[in-house]
Amino acid sequence: MVSEGAEQRPAVYRMIAEDGEIVYVGKSKQLRARLLSYFRGSWPADKGMRILAAANRIEWTYVPNEFAALREELMQIKKWRPRANVMGKRDARHYAFLRLTAGRAPRLQVVRGAGDGRGFFYGPFVGAVRLADAVRELSDALGLRDCTLDRRMAFDDQRELFTHDTRTPGCIRYEIKRCLGPCIAACSSVAYDERVSLARGFLDGSDDTPMDALRAQMTTASDAMEFERAASYRDKLHRLEGLRASFARLRFAVETLTFAYPVAGHYGEDLIYLVRRGRVVAQLPAAGRLDDPTALAELAGTIDEHPGVRGSAIPPHEIDELLLLSSWFRQHPAELARAVRADGSRAQVLAESA
Ligand code: SF4
């Protein structure tokens with residue numbers, strides 16, 4: 001089944017069943033040795049032998065370097081979804097993401113990957129348990145729900161749409177004022193959406209809108225001599241300020257993954273990858289600039305000219321690539337050290353606060 005033509009160079013290979021189904025996609029920086037290793041396993045204990053048994057031919061695509069093989073493998077796995085590949089396992093235990101779910105009453109939750117890809121994603125974070133604690137606090141502070149996604153919602157302004165008793169308490173969180181109670185028509189969809197916007201502003205960290213809004217509400221309540229309400233806003237404000245610091249500590253410094261990364265090709269196809277916040281935004285022929293720090297810094301300075309999402313939220317389809325690059329540079333600090341930032345400095349070992 002292994003063609004004599006398989007060369008000892010980086011490639012992505014596909015195991016294909018008789019009916020054309022792509023059973024498995026893999027990568028190797030030494031294709032020939034990798035393919036031959038499949039035939040040295042023991043049946044049926046060895047996974048490679050089981051994959052081989054399901055396939056009747058192997059195809060491959062040569063790529064310039066191991067990093068390219070890694071990215072191409074991810075792309076092909078996403079495209080073909082082979083049954084023998086286990087998606088989402090790469091570094092999944094190391095990082096967690098915060099997801100603001102889609103739907104009528106979004107909630108915050110800690111996830112390991114993009115799942116169904118719906119909602120807004122923030123991260124990656126290190127320390128899933130501590131992240132879950134911080135998320136619980138944030139949900140409490142903003143009055144967001146934390147119940148299961150299939151729970152039926154019944155907003156105050158949509159009460160007529162529902163026939164069940166809308167005043168039945170949803171759960172204890174409503175009773176202790178930690179949820180606005182969108183399940184029991186205790187708030188309008190507009191009021192709930194405002195809290196969701198506060199959460200997004202908080203997680204984007206781009207401005208102090210959530211804090212400012214709470215400060216304004218606190219002042220208004222205080223001016224109206226509603227001191228109990230003012231104290232409640234003050235407490236929320238303090239909790240949010242503490243949480244902002246917690247999220248900053250837990251957040252993996254994805255900003256450190258912005259640079260020009262030069263990689264020598266196996267057959268001289270040298271490339272420079274422009275990486276922004278852990279995702280490749282462009283790849284260019286090195287054209288003699290592989291070992292030229294000044295030229296690399298200049299290229300790194302053009303990174304923001306390339307299209308892509310800029311905010312803190314990560315498009316779900318980019319999560320796997322972000323995990324892949326984080327994992328690659330974490331496991332290969334020497335590769336990271338060759339990358340050059342726009343200010344000419346070399347990229348450092350990834351800073352994590354776990
Ligand atoms: S009060 Fe209702 S919406 Fe809020 S968390 Fe409890 S069940 Fe969910």
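Let us look at the structure shown here. All values derive from a computational prediction rather than experimental measurement.

Reading guide: rules and limits
- Residues numbered from 1 in each chain as written.
- Predicted model: local features only at pLDDT ≥ 70, side-chain atom pairs only at ≥ 80, totals over all residues.
- Near = placed C-beta within 6 Å.
- Nonpolar A, V, L, I, M, F, W, Y, C, P; charged D, E, K, R; others polar.
- Pairing = 2+ DSSP bridges.
- Helix = DSSP H or I, 4+ residues; strand = E, 2+ residues; numbered from the N terminus.
- Axes fitted to C-alpha atoms, helices over the stretch in contact; angles between N-to-C directions.
- Parallel < 35°, antiparallel > 145°, perpendicular 65-115°, else oblique.
- Left-handed = near helix turned anticlockwise from the far one by under 90°.
- Contact = placed C-beta atoms within 7 Å.
- Expected span 1.5 Å × (residues − 1).
- Buried ≥ 20, exposed ≤ 12 C-beta atoms within 10 Å, placed from the backbone.
- Core = buried A, V, L, I, M, F, W, Y, C linked by C-beta atoms within 7 Å.

1. Considerations on the site of the ligand
Within the structure, the ligand sits among Arg145, Asp146, Cys147, Arg151, Gly170, Cys171, Arg173, Tyr174, Cys179, Gly181, Pro182 and Cys183. Here the residues of the shell around the ligand are counted per class, giving six nonpolar, two polar and four charged.

2. Comments concerning the pairing of strand S9 (residues 279-285)
As defined by bridge partners, strand S8 (residues 271-276) adjoins S9 across six bridges and the pair is classed as antiparallel. Directly across from Tyr273, in S9, lies its bridge partner Gln283. Taking the residues between adjacent antiparallel strands as the criterion, S8 and S9 are bridged by two residues, where Arg277 takes a positive phi near 45°.

3. Examining the packing of helix H3 (residues 66-80) against helix H10 (residues 319-331)
Contact pair H3 / H10: the axes reach a minimum separation of 11 Å and the direction vectors enclose 155°. Taken together, the axes of H3 and H10 lie roughly antiparallel to each other. Taken as a pair, H3 and H10 cross one another with a handedness that is right-handed. Facing Phe67, Leu70 and Leu74 of H3, the residues of H10 in contact are Asp320, Glu321, Leu324 and Trp328. Of the residues belonging to the contact of H3 with H10, the class tally is five nonpolar, no polar and two charged.

4. Considering the sheet that holds strand S7 (residues 259-263)
Taking strand neighbours across the sheet as the criterion, the three strands line up as S7-S8-S9 in an open arrangement whose pairing is antiparallel. The open sheet has two free edges, formed respectively by S7 and S9, since each of these has just one partner strand. Ignoring which end each strand starts from, the neighbouring axes of this sheet average 25° apart.

5. Observations concerning the sheet that holds strand S1 (residues 11-16)
Pairing is antiparallel across the open sheet formed by three strands, whose spatial order is S2-S1-S3. Looking along the sheet, the strands with just one partner apiece sit at the ends: strand S2 (22-28) and strand S3 (57-62). Geometrically, the sheet is characterised by an average inter-axis angle of 20° between neighbouring strands, direction not taken into account. As paired elements, S1 and S2 share six bridges and run antiparallel to each other.

6. Regarding H10
For H10, spanning 13 residues, the distance from its first C-alpha to its last is 18 Å, which sits close to the expected 18 Å at 1.5 Å a residue. Burial in H10 covers these residues: Ile319, Asp320, Leu322, Leu323, Leu324, Leu325, Ser326, Trp328 and Phe329. Buried residues belonging to H10 abut H3, strand S4 (96-100), strand S6 (120-125), S8, S9 and helix H11 (333-338).

7. Regarding H3
Residues three or four positions apart in an α-helix share a direction because the helix packs 3.6 residues into each turn. Its 15 residues give H3 an end-to-end C-alpha distance of 21 Å, which sits within 8% of 21 Å, the value for a rise of 1.5 Å per residue. Inspection of H3 places Phe67, Ala68, Ala69, Leu70, Arg71, Glu73, Leu74, Gln76 and Ile77 among the buried residues, and these make up the whole buried set. Packing partners of the buried residues in H3 comprise S1, S2, S7, S9 and H10. Following H3 by one or two positions, Arg81 adopts a phi angle in the positive range, close to 45°.

8. Quick word on the nonpolar core
The biggest cluster of nonpolar side chains holds 82 residues, and the ones touching the most others in it are Leu98, Ala199, Phe259, Ala260, Tyr261 and Ile272. The element contributing the most residues to this core is H10, with seven residues. Those residues within four positions of Tyr261 in sequence are excluded, and the remaining contacts are Ile272, Tyr273, Val275 and Ala339.

9. Comments concerning the pairing of S2
Within S2, seven of the seven residues are buried, which leaves the element mostly enclosed by the surrounding structure. In this structure, the hairpin formed by S1 and S2 is closed by a connection of five residues, where Gly20 is found at a positive phi of approximately 95°.

10. Let's talk about the environment of Ala297
You can see Ala297 is positioned in helix H9 (residues 293-300). Expressed as a C-alpha distance, the spacing of Ala297 and Tyr261, which sit 36 residues apart in the sequence, is 10.0 Å. Residue contacts for Ala297: discarding those within four places in its chain leaves Val340, Ala342 and Gly344.

11. Points about unusual backbone geometry
Going from Gly123 to Pro124, the amide bond is cis rather than trans, its omega being 0°. Inspection of the secondary structure assignment puts Pro124 in strand S6. Phi is positive for Arg81, close to 45°, though the residue is something other than glycine. Within the chain, Lys177 stands out as a residue other than glycine whose phi angle is a positive 65°. Locating Lys177 in the fold gives a position in the loop between helix H5 (172-175) and helix H6 (189-204). You can call Lys177 exposed: it has 11 C-beta atoms within 10 Å.

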